[in-house]
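For reference, the chains in residue letters:
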Amino acid sequence: MMENVDTKPETKEIQFKRFKSPFVIKSLTEDENSVIQKDATRKTKDKQTRQIVSQLDQSKYADLMIVASVVSPDLNSEQIQKSWNCMADPVGVLKKMLRAGEYIELMQQVQELSGFDLEDVEDLKDEVKN
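Only a predicted model underlies this, so the values are computations on that prediction, with no experimental measurement involved.

Break down the sheet that holds strand β1 (residues 11-14) for me, citing the residues and quoting the values.
In space, the three strands of this open sheet follow the order β1-β2-β5, with antiparallel pairing throughout. Only two strands of the sheet have a single neighbouring strand rather than two, namely β1 and β5 (70-72). Averaged over all pairs of adjacent strands, the angle between their axes in this sheet comes to 35°, without regard to strand direction. Here strand β2 (residues 23-26) pairs with β5 via two bridges, running antiparallel. When the bridges of β5 are listed, Val 24 appears paired with Ser 72. Here helix α5 (residues 100-113) sits on the sheet in contact with β1, β2 and β5, set at roughly 35° to β2.

Tell me about the packing of aromatic side chains, and name the residues and values.
With the rule as written, the count across this model stands at three aromatic pairs. Taking 6.5 Å as the distance between ring centres and 65° as the angle between the ring planes, the aromatic pair formed by Phe 16 and Phe 19 counts as edge-to-face. Judged by its relative accessible area of 17%, Phe 19 is buried. For the ring pair Phe 19 and Phe 23, a centre distance of 5.2 Å and an interplane angle of 85° mean the geometry is edge-to-face. Members of the aromatic cluster, joined through ring pairs, are Phe 16, Phe 19 and Phe 23.

Can you break down helix α2 (residues 58-69) residue by residue, with the values?
The end-to-end C-alpha distance of α2, which contains 12 residues, comes to 17 Å, matching closely the 16 Å that a straight helix rising 1.5 Å per residue would cover. Within the span of α2, buried status applies to Tyr 61, Ala 62, Asp 63, Met 65, Ile 66, Val 67 and Ser 69. Between the side-chain oxygen of the N-cap and the backbone nitrogen of Ser 59 there are 3.2 Å, and the N-cap of α2 in question is Asp 57.

Please set out the packing of α2 against helix α4 (residues 90-97) residue by residue, giving values where relevant.
At a closest axis distance of 10 Å, the pairing of α2 and α4 adopts a crossing angle of 90°. The angle between the axes of α2 and α4 places the two elements in the roughly perpendicular class. Listed contacts from α4 to Asp 63, Leu 64, Ile 66 and Val 67 of α2 are Pro 90, Val 91, Leu 94 and Lys 95. Grouping the constituent residues of the contact of α2 with α4 by class yields six nonpolar, no polar and two charged.

Describe in detail unusual backbone geometry, supporting the description with residues and values.
Omega for the peptide link from Ser 72 to Pro 73 comes to 5°, which places this bond in the cis form. Looking at the secondary structure, you find Pro 73 in the loop between β5 and α3 (78-83). Phi at Arg 50 takes a positive value of approximately 60°, unusual for a residue other than glycine. Mapped onto the fold, Arg 50 is located in the loop between β3 (41-45) and β4 (52-56).

Which residues make up α5, and what values go with them?
If you check α5, its first and last C-alpha atoms are 20 Å apart, about what 14 residues at 1.5 Å a residue would give, namely 20 Å. Among the residues of α5, those classed as buried are Glu 102, Tyr 103, Ile 104, Leu 106, Met 107, Gln 108, Gln 109, Val 110, Gln 111 and Leu 113. The positive-phi residue at the C-terminal boundary of α5 is Gly 115, with phi of around 90°.

Each value, and the rule that gives it
Residues numbered from 1 in each chain as written. Predicted model: local features only at pLDDT ≥ 70, side-chain atom pairs only at ≥ 80, totals over all residues. Heavy atoms only, no water. Pairing = 2+ DSSP bridges. Helix = DSSP H or I, 4+ residues; strand = E, 2+ residues; numbered from the N terminus. Axes fitted to C-alpha atoms, helices over the stretch in contact; angles between N-to-C directions. Contact = heavy atoms within 4.5 Å. Phe/Tyr/Trp six-rings, centres within 6.5 Å; stacked < 30°, edge-to-face > 60°. Buried < 20%, exposed > 50% of the residue type's maximum accessible area, 1.4 Å probe, protein only. Expected span 1.5 Å × (residues − 1). Polar contact = N/O pair within 3.5 Å; in protein donor to acceptor, adjacent residues only side chain to side chain. Parallel < 35°, antiparallel > 145°, perpendicular 65-115°, else oblique. Nonpolar A, V, L, I, M, F, W, Y, C, P; charged D, E, K, R; others polar.

Structure (structure tokens):
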């Protein structure tokens, strides 16, 4: 029964040395994950078979997952987007804010908080590096 389960997302603070305030992330549900996967999937038509082929863009999937998980700072805030000169692009804002190692650390924390296996985390880290 639903009332027997804590449905509030877990949250976690991640402090990076360069920032005065910690980043706050939340766990993602499978419903949220499915929407992210759909948004990161490209559909193309195979010229030979004329069939529609779906392919998950791993890099876009990781980016969207991280942005969906970040609670603070608010990456959709107009003020933050203006200050980083990256309007209407929360993924771009986050990539401008963080160094490469910080981005990977944040990704790993999001994955772990959302219940992904550590091997899955390592595979996604390799995808983001490439």
